[in-house]
Amino acid sequence: MKQGDNQDRRQPANFRSLPNAQEASRMLHGLGERLVLEPGVDVITLGESSRSAFVLEEGALTVYTPTAFGDVVLAHIEPPSLIGEIAALAQTKRTASVKTASHSVLRRIDSEALLGAGMANPELFIQVIRQLGREIDVINNAIGLYTNSLQALEQSVFDPKLLEKLANPPPQLAQFSAVFERFAEEISFKKRQQEELASAAMIQQSFLPTMGSSLKLPPGLDLAARMRPARQVGGDFYDYFMLDDKRLFIAIGDICGKGMPASLFMAVAITTLRSIAQQAPDVAAIAKAANALLCRNNGSSQFSTAFLAIFDTATGQLSYCNCGHCPPVVIGAAGSPDLLAATGLPLGLYDHASATQREIMINDGDTLLLYSDGITEAANLGGEEFGENRLLNVLADNGASDAERLVERVIASADAFAGEAEQADDITCMALALSLPKQEGS
């Protein structure tokens, strides 16, 4: 007989064929009503009362479970097969739906006639029980395999060799196995992605400087920085290093976007700035040259806000360019904050853009705070943002020049405000405090 177009031929075995299906058909020969059905006709409906069994003589049937997301095919049935006999004998409700997959011929045998046939020929019951036992054993083994596989996926120790076993499921679970196999493959793929992202996060962190013996700050300078990405990798960055024995270069930036693209552009941006800063005569030249390089071959149209500065520790002068970044704050010894507004456009937007350089004095007891918009735009569950005013209130109450404690306090304040809301953007904060050594006798 011609099979339905939607039939899955990977598993041609019968769903509930008896070990000697032809013999079973002989035992039931002549019983019941003969049905000739077209494709797509429901034979059994999930949840209905069981009053009869069916013998499939010709055609094909599909066993499925209707769900809110569509029908889930469980198996296909070919003749000769006896279906629905367990529910009919036990008088239980149907546990699945069955419909014709092609032009089919069946016999419908009511429960009393089926019971009578079994009483007259106990071999029929024996075969039904044997087949049921085999199916329970197969399903138990399959459930055990899927359970172990789920536990392995949960514990991130999934062995790809399990997919080989899932590729040859029993007919009863053919469709479920196919879905589970795709699920397992997707989980394995995402696990590999997570491992790659973890490696990328480590590489990204290696681009950022850490306080250590390699950086020897002049006496009286206290520097601290921290970056916490919203995802495994982020687009924020910071940098600092001595240009010579008196001049300190500092930078903070925020790449447009998040995730891997922003992370890659961040690596390019920070490498570009480091290279140029070693040669350029001033901050304005650094900003101009970096912008030109970042605009080249920038097919993804990425860009970065950035605050770049050179602090002369001998004179206390801070020369800076604020390229579209959040306004850094200078906290005076008396606690009054002063914002450093933007002096140019973000880097990577326009080839010939330049930023205006400005100078201010950093005096003894002053602290410079740099931050990304992950601080001021940290939002609570109600959608309200932390904002610039709250940040200024935190800084006004600082009362200490310890850079590390100030960075931690700012981030902690933003976190406390956001509460249980998920971090939506990268958070970066840097503090530079000047506390000159006291002269003897002063």
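This text goes with the structure placed above it.
Note that the coordinates shown come from a computational prediction; the quantities given were computed from them, not determined experimentally. (Residues numbered from 1 in each chain as written. Predicted model: local features only at pLDDT ≥ 70, side-chain atom pairs only at ≥ 80, totals over all residues. Heavy atoms only, no water.)

A. Layout of the packing of aromatic side chains. Under the defined criterion, the tally for this structure stands at four aromatic pairs. Seen from their ring centres, Tyr-238 and Tyr-240 are 6.2 Å apart, and the 10 degrees between their planes marks the pair as stacked. By relative accessible area, which is 6% here, Tyr-238 ends up buried. In this structure Tyr-240 comes out as buried when scored by relative accessible area, which is 5%. When the ring centre of Tyr-64 is taken as reference, the NZ or CZ atom of Lys-99 above it lies at 4.9 Å. (Phe/Tyr/Trp six-rings, centres within 6.5 Å; stacked < 30°, edge-to-face > 60°. Buried < 20%, exposed > 50% of the residue type's maximum accessible area, 1.4 Å probe, protein only. Lys NZ or Arg CZ within 6 Å of the ring centre and 35° of its normal.)

B. Fine view of unusual backbone geometry. Note the cis peptide between Pro-79 and Pro-80, where omega equals -5 degrees. Along the chain, Pro-80 turns up in the loop between strand S5 (70–77) and strand S6 (81–83). (Helix = DSSP H or I, 4+ residues; strand = E, 2+ residues; numbered from the N terminus.)

C. Spatial organisation of the sheet that holds strand S15 (residues 337–339). Spatial strand order, S9-S18-S17-S14-S15: five strands in an open sheet with antiparallel pairing. Looking at which strands have only one partner, the edges of the open sheet turn out to be strand S9 (221–228) and S15. On average, each strand axis in the sheet is inclined to that of its neighbour by 15 degrees, with strand direction left out of account. With three bridges joining them, strand S14 (residues 329–331) and S15 adopt antiparallel strand pairing. Bridged to Val-329 within S15 is Leu-339. (Pairing = 2+ DSSP bridges. Axes fitted to C-alpha atoms, helices over the stretch in contact; angles between N-to-C directions.)

D. Layout of the side chain of Arg-94. Note that Arg-94 resides in the loop between helix H2 (85–90) and strand S7 (97–100). One buried charged side chain, Arg-94, makes no salt bridge at all; its nearest oppositely charged neighbour is Glu-48, positioned 4.0 Å away. Within the structure, the side chain of Arg-94 is placed 2.5 Å from the backbone oxygen of Ser-52, a separation counted as a polar contact. (Lys, Arg positive; Asp, Glu negative; His and termini not counted. Salt bridge = Lys/Arg side-chain N within 4 Å of Asp/Glu carboxyl O. Polar contact = N/O pair within 3.5 Å; in protein donor to acceptor, adjacent residues only side chain to side chain.)

E. Main features of the sheet that holds S6. Sheet architecture is open: four strands sit in the order S1-S8-S3-S6, paired in antiparallel fashion. Looking at strand neighbours, the two that pair on one side only are strand S1 (33–37) and S6, the edges of this open sheet. Neighbouring strand axes in the sheet, compared pairwise and without regard to direction, differ in orientation by 25 degrees on average. Summarising the sheet, strand S3 (residues 52–58) and strand S8 (residues 104–110) pair through six bridges and their orientation is antiparallel.

F. Molecular detail of the environment of Ser-300. Here Ser-300 shows up in the loop between helix H8 (283–295) and strand S12 (304–312). Along the chain, Ser-300 and Pro-261 lie 39 residues apart, while their C-alpha atoms are 8.8 Å from each other.

G. Main features of the side chain of Asp-425. Turning to its location among the elements, Asp-425 is positioned in the loop between helix H11 (403–418) and strand S18 (427–434). We classify Asp-425 as buried; its relative accessible area is 17%.

H. Molecular detail of the packing of helix H10 (residues 387–396) against H11. Where H10 contacts H11, the axes come no closer than 10 Å and their chain directions differ by 140 degrees. Relative to H11, H10 is oriented oblique. Where H10 crosses over H11, the two elements pack in a sense that is right-handed. Contact residues: H10 offers Arg-390, Leu-391, Val-394 and Leu-395, while H11 offers Leu-406, Arg-409, Val-410, Ser-413 and Phe-417. Among the residues making up the contact of H10 with H11, the classes are represented as six nonpolar, one polar and two charged. (Parallel < 35°, antiparallel > 145°, perpendicular 65-115°, else oblique. Left-handed = near helix turned anticlockwise from the far one by under 90°. Contact = heavy atoms within 4.5 Å. Nonpolar A, V, L, I, M, F, W, Y, C, P; charged D, E, K, R; others polar.)

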